[in-house]
Structure formats: structure tokens, C-alpha cells
2 protein chains.
Amino acid sequence: MTVFTAGYFTMKEQDVIEYAKTVLHFFDSDAELTCKEIGDGNLNYVFRVVDKKSNKSLIIKQAGPVARISDEFKVSPDRNRIESEILKLQGKLAPGLVPKVYNYDSIMNCCAMEDLSDHEIMRSALIKHKKFPQFADHITTFMVNTLLLTSDVVMDHKKKKEQVKRFINPELCEITEDLVYTEPFYNCPRNDVFPTTKEFVKEHLWADKKLALETAKLKFEFMTNAQALLHGDLHTGSIFIKEDSTKVIDPEFAFYGPAGYDVGNVIANLIFALVNAKYTIEDKEIREDYMEYLENTIIDVVDLFKEKFVKAWSRHVTERVAQYEGFKEYYLDTILRDTSAVTGLELCRRIIGIAHVKDITSIADVEKRAAAEKICLSLGKTFILERESMKAGEDFITVIRKCEQKF
Amino acid sequence: MTVFTAGYFTMKEQDVIEYAKTVLHFFDSDAELTCKEIGDGNLNYVFRVVDKKSNKSLIIKQAGPVARISDEFKVSPDRNRIESEILKLQGKLAPGLVPKVYNYDSIMNCCAMEDLSDHEIMRSALIKHKKFPQFADHITTFMVNTLLLTSDVVMDHKKKKEQVKRFINPELCEITEDLVYTEPFYNCPRNDVFPTTKEFVKEHLWADKKLALETAKLKFEFMTNAQALLHGDLHTGSIFIKEDSTKVIDPEFAFYGPAGYDVGNVIANLIFALVNAKYTIEDKEIREDYMEYLENTIIDVVDLFKEKFVKAWSRHVTERVAQYEGFKEYYLDTILRDTSAVTGLELCRRIIGIAHVKDITSIADVEKRAAAEKICLSLGKTFILERESMKAGEDFITVIRKCEQKF
């Protein structure tokens, strides 16, 4: 019999079945368990365990000692502790919008949680051009509740500082600092640029000193601005979705950073879906309809975020000086500015850097893919450089439409 | 015999002698120890222990369970751990500019350190109108080394984050948030305004909504911007000085915050000395000479800080993007902006808030004191509102001279 209390080891499927039977008290004693590793992320092993008899199921997620994407990234299994604690906290702040956590095991560095197999990964669903009319509503509730309610505007400042301490996340932050804020903006050997796009990148991004300077400012803000407890990796691959349900998963990058980081990631990844639709849907009417749906979703994400943020502010604000005239507007403006900047950074880094998105890489035609990439890069640059002027959903769409016309 | 390992208690002078004999191995076995409590700060008990035979001496500083200034402030004795660790760290970064630490005791919450009785508290010395021609040089070395070298510009980002975690300081930060950033800017019952100044405060500070908004922005930056490991309370009462030596003491407020916080505190407290000189030195020639000395010291603090900062940047920078064209200038500009803001906050809060400075309270003549206070408040307001335009020592002096002419 395998022992799970003596020390960490990376589990195989058979170990996970035994683990579920002997450690967790989730399944019936006569359960007939099957297990499959279903992870496709960059960092962890994800096992789905099903009882064929009762049809009950759960997910066990185990952190390995190195990232799956490349053993260059050594990441502490402490990220699994952070993930479990964050999921519980987010579950309180934004009920129903994250999976339930059943158990966290600090020896095996694994977490047992709700199986969401009736949902699908949002990125894949968007590439299949499915619509989710409730998504903007759900994700803005998630973001307003997890961001504003963990900030100094609402939390007791001493408790907030203890929470900052608990979620200091050096290794995962380093990945973001390198892959999002640094490598895409110079000719770094670890970049992975599509050959047809390379000249454009050299000319319009790597040669642009003004852009480089802005990325430096943004990187230092990311490293120092402990504003809100971020998800930290809120792209459409971290969202499980079905028509009437949205579940945000994988918060292992969580830490206290600028609130706009999460909002910007959502918007950038909706833009990838939009650009995918532009180049992969042949039928004009279907294409325009789907693109309009995505544009409206982008507008709604920004504007519903603002609307709910203002309401939540009135309801939850506890900090005296935050109630001074003009402060709420100033604060929201800085979040929108950071949102725009991060939208831009994410658009650039997913094209130039090591970690691509299927929305773009699945565009089979070389010319179309290159055109799609150039749109993303031009948009990315604009959202970084003109971040001070982005104040509403419509501002984002105006930039997108202008840019699309150029290519 | 008193036991010092069973649990914390607040020591009296006789306990301290026994503590020095039985716990520390600093004095000879036949030492004839005397002890005197010499603390005049707000938070701690400070004992000086002297061996009459050898003339060796040391200081034992013990954190009590509540602040001495008022038992409203409950402060964790963990501040003593922070203070000891910070003194050791600052001693490495800025050798010779802080007292040596001999021992830290986590049960008794006390720290044994170098006796600096041959130095005097700088505030008292300035009130006596003494000059310290090396001060600007010493303090700028201290600030550049402790601030820049603990920032993300120089430190490995993961180690820096571990250091942020180690020095999260909720209770002491709360004191600053309340006493510096909040209470002085509204009619808070805990304020302590000189009657002759009260109307001025009401009209020019409490009624000014623009000023209130700026203080709110600054308070949130103070709470969230983990830029550099601050001393956190760098006024002239935290500096021991003699002609050729400057020692920075009392770093219990240390935490990662905006670098300009320390620089601004130094400048504001030099301004208090300047205003003191203006109203207490009768002889015109002596007065003008001393004021000129202080003005030059202010100019030197700002300009030497900049000069040494730029040199240290070139020598120590490790962060790739920090070397982008224009970033160093941008970064230094933000520190000067914060320096100006904090100069302003400190000038206001020492006049309006609970904790005054002797430079001003020792001005015996009521009219002169009121005039002195109005200069400080007007200056304070200007340095907050016009913080973006303060780029060099001369800019600070220009503001000071303009303001002096008004009163």
C-alpha cells in the first residue's frame, strides 16, 4: 500500500485512485474508481477521479517540482497552498464562481476539488464560436468582489497587510515578470515568434524605445503595487464555462498586485477570440454576428465592471479618506489605465513570447495568421502607450476598429 | 534572582542591571553597573547601562506592550524584532551610520546596542543652533544605500519579495496612516492644534477639498507601494549626531514603502529647524548665517541624494528593464515627487496632529509661534499640491523663500 504521509512524490493515475480511497472521504466505500490525467496547463498535473457506480467525481490537482512547460521554471509547490487558500477565499467573496475545495494536502502538494467536467474551457469554446451571454455579468461580479473587497478601500488595513504577507508569491510572480513584462519586448532567445511576423516585431516593437520605457514603468508597478488580491492569470484558459455558469480556476499566480491586471487579461483574451473569429469564420453574416457578440462582451466587461465597482464601493467602503470627493473616480481611473496597459502587454506577449494562445496558433493559413498577429501587436502597443485615455468599454472598441481597418 | 527566559515583563532599572549581568556577555565579571531609563520617545523604554570601573556602556531598548505616548496605540512587541533586524541590515548597507546591535532577545522584546551618549539628538542640537557640516553627506549616503539597494532595481526580485514579507509592519504602519495621512486633514478629536493657529487650519487646510483628495491618493500610495525598505520615521529626533558622526536610530517603523517617505521626513524636519531659527535667533547676522546653513543643508540633501542615487544606480543596477533609456530619470522623478509630498505631510501633521516637534513648540512667544506654524502649514500644503514640480534642492528653497515672504 502506498503511503501518502511520508513525503511528497509525483503521483501517477493509480496512486491517485489509492489516494482518493485512503485519504479523502469523498466516495462511497464500494466505489469503483477510475482516474485520468487531464492536465494541459503549463505547471501542474490534473487528475479526474470518477466512481463508475455513483457517477460522483472529483479533481485532484498536484503541483510538480518543476513546470511542465519547461524545467527551466522551478516553482515551489507552495503555489498549491496558495491556490487552495485563494479558492476558498474567492469562494466566499464571489460565491458560485470558483470550484469548491474539498481538501488540501500540504505533504502531497495536492488539492481535491469540485469536478467541472460539465463545463468546458472557455478558450476552446470561443474558438468553436460559442456564445456565453452571461459571461460578462459573471466575470465582472467575480472581479469586483475579489479585487475591491481585498483592497485597502474595504479591508481593515492591518488584516489586509497580513493577507499581503500570506500571498507573497515570488516564483510565480517571477514567471509573469519575465514572460509578460520583459522577454516579449526585446529579442530574447526564449521568445517564439512566428517567422512571417518577425520583421514586424523587430520594426514596430523591439526598435521602439518609448514602448520599452513604458513596459519598464509597468513592470515596476506590477512588482510594487500591492493594491488587490489578484487571480494573476485570468485568461480564457483559466475559466470553465457553460451557458449558465462561469467558474474561475487556477489561481496559483495569485498575489497582491494592481487590480487592472486581471481585467486586462480578460479583455486581451476576448480580443484573441475576436481576431480568431475574424480570420476563421468564412461566412460573412455568421462572422459579423459573432464578432459583434464579442465586441459587446468586451464593452460589457469594462462597463459592468465600472458599474458594479461603483455600487460595491458605496456598499463596502470603510476607509475614511477613500470617501473624499473625487477619490473613487481617481481610483477607478487608475484601474482602467492599468487594465488598458495589461490588455496591451498580454496581446504582445502571447504573440512574441514563449506561451502562445490557440485562438491565434490555430489559424492555419500563414498569411491570415500573420495578419491576425499584427493586429494583436498593433493593438497591444496602442493599449500600452495610450492607457491614460481608456475610460469606458467603447474606448476599447474604438481602438480595435481603427486598428482592424489598417490590416 | 530574576528569570528572563520564562516570559516577557516590562523591566525596571534594577532588572536591566541584572539582565545585563546574567544574559549579556558584554561587561567584565567585576563590573559595577549603573542603569538609567533615558527614553523620551513615544513607544519604548530605553536604558543606559554603564560600568563605572571600565567606563564601558550599552543601551538596552525594550518594547512595551502599549505605546508610552497613549495606551490607545497597541503595538506588537514584534517591532523590536523588526528594529534589530533592520539595524543589522542597515549596518551592512550603510556601514557606520547606525548603532551596532549586540543582542536581540525575542522573549524580553529587547535589544542591546551601542551606546551613543557622545552623540546628541539632532533635533535638540539644531534647536541650540549647532551646525553639522557633514550631515547632508552622511544622511544621503544612508538613504541612497538603504533605499536603492533594497529596491527591485538592485535586489533579486524573489529575495526582495521575501524581504517585503519579513518586514510587513501592520501596527506601526497604522500609526503613520492615521497620524500622518488622515487625522491632520480633518477636525479629528485627537488633533492638538495651537489655539492661535486653529482658524488658519480650518480655512486653509480642512476646508480644502483638493488638498484632501491629494492626501487620499498619497495615503493609498503609502499603503500599497512596496518600493524600498524605509526607515519609516526619519526625523531629526531619530538621528544621533556629533560633528563628525551621524547615526540613524529607531527604525521600528521600517517596512517596504515609497522611497521618498524617508527623504521627505528629513527635509521637513530641517524646515522645522529653519523656522525655529527664524523666530528664535535675535541677532540678525547670526540668524541669517544659521538659516543660510540650514537652507544649504536642504539643498545638499536633495542634490547629493540625486547625485549619489545616480552613481549607485550605475554601479548596482541588476534589473534589465531598469536600464532602458529614460527609466532612471523617471524613477528618480517619482522619488522626488514623493519626497515633496511627504515633506508637506510631515510639515502639516507636526503642527495639527497629536505629535508635535520641539522646534516649534519651544517658540515661547505666542504670535511668533503662530506665525511659525502658518509658514509650516502653507509650505506643507504647497509641497503636497505642487509635488510634481519639485526636481532639485533649489526648487524646495524657492518655495520656502516665497512662503516666508508672505508671513
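For the structure itself, look to the data block above.
Quick summary incoming for the structure in this document. (Residues numbered from 1 in each chain as written. Chains lettered and ligands numbered in written order. Predicted model: local features only at pLDDT ≥ 70, side-chain atom pairs only at ≥ 80, totals over all residues. Heavy atoms only, no water.)

1. A look at the overall build of chain A
Within chain A, the secondary structure is distributed over 14 helices and 10 strands. In terms of C-alpha radius of gyration, chain A reaches 21 Å, essentially the compact-globule figure of 22 Å for 407 residues. If you line up chain A on its principal axes, its C-alpha atoms span 65 × 55 × 40 Å. Taking all 407 residues of chain A together, 62% fall into the buried category. Considering chain A, the positive charge centre built from 56 side chains and the negative charge centre built from 65 side chains are found 2 Å apart. (Helix = DSSP H or I, 4+ residues; strand = E, 2+ residues; numbered from the N terminus. Rg over C-alpha atoms; globule rule 2.2 N^0.38 Å. Buried < 20%, exposed > 50% of the residue type's maximum accessible area, 1.4 Å probe, protein only. Lys, Arg positive; Asp, Glu negative; His and termini not counted. Charge placed at Lys NZ, Arg CZ, Asp CG, Glu CD.)

2. Here's the deal with the pairing of strand β8 (residues 239-242) of chain B
The two faces of a sheet get side chains in turn, since along a regular strand they alternate between them. All names here are of chain B. Burial along β8 is one-sided: I239 and I241 are buried, while F240 and K242, pointing the other way, are not. Across 4 bridges, the pairing between β8 and strand β9 (residues 245-248) is antiparallel. When the sheet's bridge partners are listed, I241 is paired in β9 with T246. The loop that links β8 with its antiparallel partner β9 comprises 2 residues. (Pairing = 2+ DSSP bridges.)

3. Digging into the pairing of strand β5 (residues 110-114) of chain A
Residue and element names in this part refer to chain A. With 5 of its 5 residues buried, β5 lies for the most part within the structure. Where strand β3 (residues 57-63) and β5 come together, 5 bridges link them in antiparallel fashion. Following the sheet pairing, K61 is matched in β5 by C111. Summarising the sheet, strand β4 (residues 101-105) and β5 pair through 4 bridges and their orientation is antiparallel. In the strand pairing of β5, N103 is matched with A112.

4. Some remarks on the relation of the copies chain B and chain A
Expressed as a screw transformation, the operator carrying chain B onto chain A has a rotation angle of 180° and an axial translation of 0.0 Å, and the superposed copies differ by an RMSD of 0.0 Å. On this basis, the relationship between the two copies can be described by a two-fold rotation axis. Both copies present the same face, since 100% of the interface residues in chain B are matched by interface residues at the equivalent positions in chain A. (Least-squares fit on C-alpha atoms with pLDDT ≥ 70 in both. Contact = heavy atoms within 4.5 Å.)

5. Quick notes on empty space enclosed by the protein
Taken as a whole and assessed by the stated rule, the structure comprises 5 cavities of 30 Å³ or more. Taken as a whole, the largest cavity encloses approximately 330 Å³ of empty space. Lining of the largest cavity is provided by 26 residues; of these, A:V164, A:A226, B:V164, B:I168 and B:A226 occupy positions nearest its centre. Broken down by secondary-structure element, the contributors of at least two residues to the lining of the largest cavity are α5 (157-166), α8 (209-224) and β10 (255-257) of chain A together with α5 (157-166), α8 (209-224) and β10 (255-257) of chain B. Taken together, B:Y181, B:L218, B:E221, B:F222, B:N225, B:P258, B:D338 and B:V342 make up the full set of residues lining the second largest cavity. Those elements giving two or more residues to the lining of the second largest cavity turn out to be α8 and α11 (327-352) of chain B. When residues in the lining of the second largest cavity are grouped by element, the largest group, 3 residues, is from α8(B). Tallied by class, residues from the lining of the second largest cavity come to 5 nonpolar, 1 polar and 2 charged. (1 Å grid on protein atoms, 1.4 Å probe; cavity = no way out; pocket = protein on both sides within 12 Å on 5 of 7 lines; lining within 4 Å. Points joined across faces, edges and corners; volume = space filled by probe spheres on them. Nonpolar A, V, L, I, M, F, W, Y, C, P; charged D, E, K, R; others polar.)

6. Points about the packing of α5(A) against helix α6 (residues 170-179) of chain B
Taken N-terminus to C-terminus, the directions of α5(A) and α6(B) make an angle of 135°; their axes are 9 Å apart at the nearest point. Our classification of the angle between α5(A) and α6(B) gives oblique. Two packed elements cross with a definite hand, and for α5(A) against α6(B) that hand is right-handed. Residue-level inspection shows A:H157, A:K158, A:K161 and A:E162 of α5(A) in contact with α6(B), the latter providing B:P170, B:E171, B:C173, B:E174 and B:E177. Taken together, the residues that form the contact of α5(A) with α6(B) break down as 2 nonpolar, 1 polar and 6 charged. (Axes fitted to C-alpha atoms, helices over the stretch in contact; angles between N-to-C directions. Parallel < 35°, antiparallel > 145°, perpendicular 65-115°, else oblique. Left-handed = near helix turned anticlockwise from the far one by under 90°.)

7. Things to note about helix α2 (residues 78-93) of chain A
The terminal C-alpha atoms of α2(A) lie 22 Å apart, and with 16 residues this matches the ideal 22 Å at 1.5 Å per residue to within 8%. Residues of α2(A) that are buried: A:R79, A:N80, A:R81, A:I82, A:E83, A:S84, A:I86, A:L87, A:L89, A:Q90 and A:L93. (Expected span 1.5 Å × (residues − 1).)

8. Notes on the sheet that holds strand β9 (residues 245-248) of chain A
All names here are of chain A. Strand order in the open sheet formed by 3 strands is β6-β8-β9, and the pairing between neighbours is antiparallel. Every other strand in the sheet has two partners, leaving β6 (120-121) and β9 as the edge strands with one partner each. Most of the contacts of helix α4 (residues 135-148) go to β9, to which it runs at about 35°, and overall it touches β8 (239-242) and β9.

9. A short note on the packing of aromatic side chains
Centre-to-centre distance and the angle between the planes together describe a pair of aromatic rings. One pass over the full model with this rule turns up 38 aromatic pairs over all chains. Each ring, one from B:F4 and one from B:F9, has its centre 6.0 Å from the other, and the planes form 25°; the classification is stacked. Judged by relative accessible area, which is 5%, B:F4 ranks as buried. Look at B:F9 and you get partly exposed, because its relative accessible area is 24%. Joined through ring pairs, the aromatic side chains of A:F220, B:F305, B:F309, B:W313, B:F327, B:Y330 and B:Y331 make up one cluster. Sitting over the face of the ring of A:F26, A:K56 holds its NZ or CZ atom 4.6 Å from the ring centroid. Here the basic side chain of B:R369 rests over the ring of B:F194, its NZ or CZ set 3.8 Å away from the ring centre. (Phe/Tyr/Trp six-rings, centres within 6.5 Å; stacked < 30°, edge-to-face > 60°. Lys NZ or Arg CZ within 6 Å of the ring centre and 35° of its normal.)

10. Brief notes about unusual backbone geometry
Unusually for a residue other than glycine, A:N109 sits at a positive phi of about 50°. The backbone of B:N55 shows a phi angle near 70°, a positive value even though the residue is not glycine. Within the secondary structure layout, B:N55 lies in the loop between β2 (44-51) and β3 (57-63). Classification of B:N55 as exposed rests on a relative accessible area of 61%.

11. Overview of the environment of B:A212
One can find B:A212 in helix α8. Between the alpha carbons of B:A212 and B:Y186 there is a distance of 8.4 Å; along the sequence they are 26 residues apart.

12. A look at helix α10 (residues 284-316) of chain B
What sets the pattern is the α-helix's 3.6 residues per turn: residues three or four places apart point alike. The first and last C-alpha atoms of α10(B) sit 46 Å apart over 33 residues, in line with the 48 Å expected at 1.5 Å per residue. One side-chain oxygen of the residue at the start of α10(B) lies 3.0 Å from the amide nitrogen of B:E285, identifying that residue as B:D283. (Polar contact = N/O pair within 3.5 Å; in protein donor to acceptor, adjacent residues only side chain to side chain.)

13. Some remarks on the environment of B:F253
Residues and elements named next belong to chain B. Counting through the fold element by element, F253 comes out in the loop between β9 and β10. Through-space distance from the C-alpha of F253 to that of N80 is 10.0 Å; in sequence the pair is 173 residues apart. In this structure F253 touches L43, N169, L172, I175, T176, H231, G232 and D233, once residues within four positions along its chain are discounted.

14. Brief notes about the pattern of salt bridges
Where side chains of opposite charge bring their charged atoms close, a pairing between them can arise. Evaluated as defined, the whole model comprises 68 salt bridges over all chains. Between B:D250 and B:K61 there is a salt bridge, with the nearest N and O atoms lying 2.4 Å from each other. With a gap of 189 residues between them, B:D250 in the loop between β9 and β10 and B:K61 in strand β3 connect regions that are remote in the sequence. You can call B:D250 partly exposed: its relative accessible area is 24%. Since its relative accessible area comes to 3%, B:K61 is described here as buried. Notably, a salt bridge pairs B:K381 with B:D208, separated by 2.9 Å at the nearest N-O pair. Of this pair, B:K381 sits in helix α13 (residues 366-385) while B:D208 is found in the loop between α7 (195-206) and α8, placing the two residues 173 residues apart along the sequence. Take B:D208: its relative accessible area is 17%, and that puts it in the buried class. Via salt bridges that share partners, A:K210, A:E214, A:K217 and A:R387 belong to a single interconnected network. (Salt bridge = Lys/Arg side-chain N within 4 Å of Asp/Glu carboxyl O.)

15. A short note on the interface of chain B and chain A
Taken together, the contact pairs 43 residues of chain B with 43 residues of chain A. In total, chain B and chain A occlude about 3800 Å² of area from one another, counting both sides; carbon and sulfur atoms represent 66% of this. Linking chain B with chain A are 8 salt bridges. For A:E174, the salt bridge is made with B:K158, and the minimal N-O distance between the two is 3.1 Å. Our count for the chain B to chain A interface comes out at 12 residue pairs in polar contact (both at pLDDT 80 or more). If you list the elements that add at least two residues to the side of chain B that touches chain A, you get α5, α6, α8 and α11 of chain B. Of all the elements, α8(B) adds the most residues to the side of chain B that touches chain A, at 11 residues. The residue inventory of the side of chain B that touches chain A, partitioned by class, reads 20 nonpolar, 7 polar and 16 charged. (Buried area = accessible area lost by both parts, 1.4 Å probe.)

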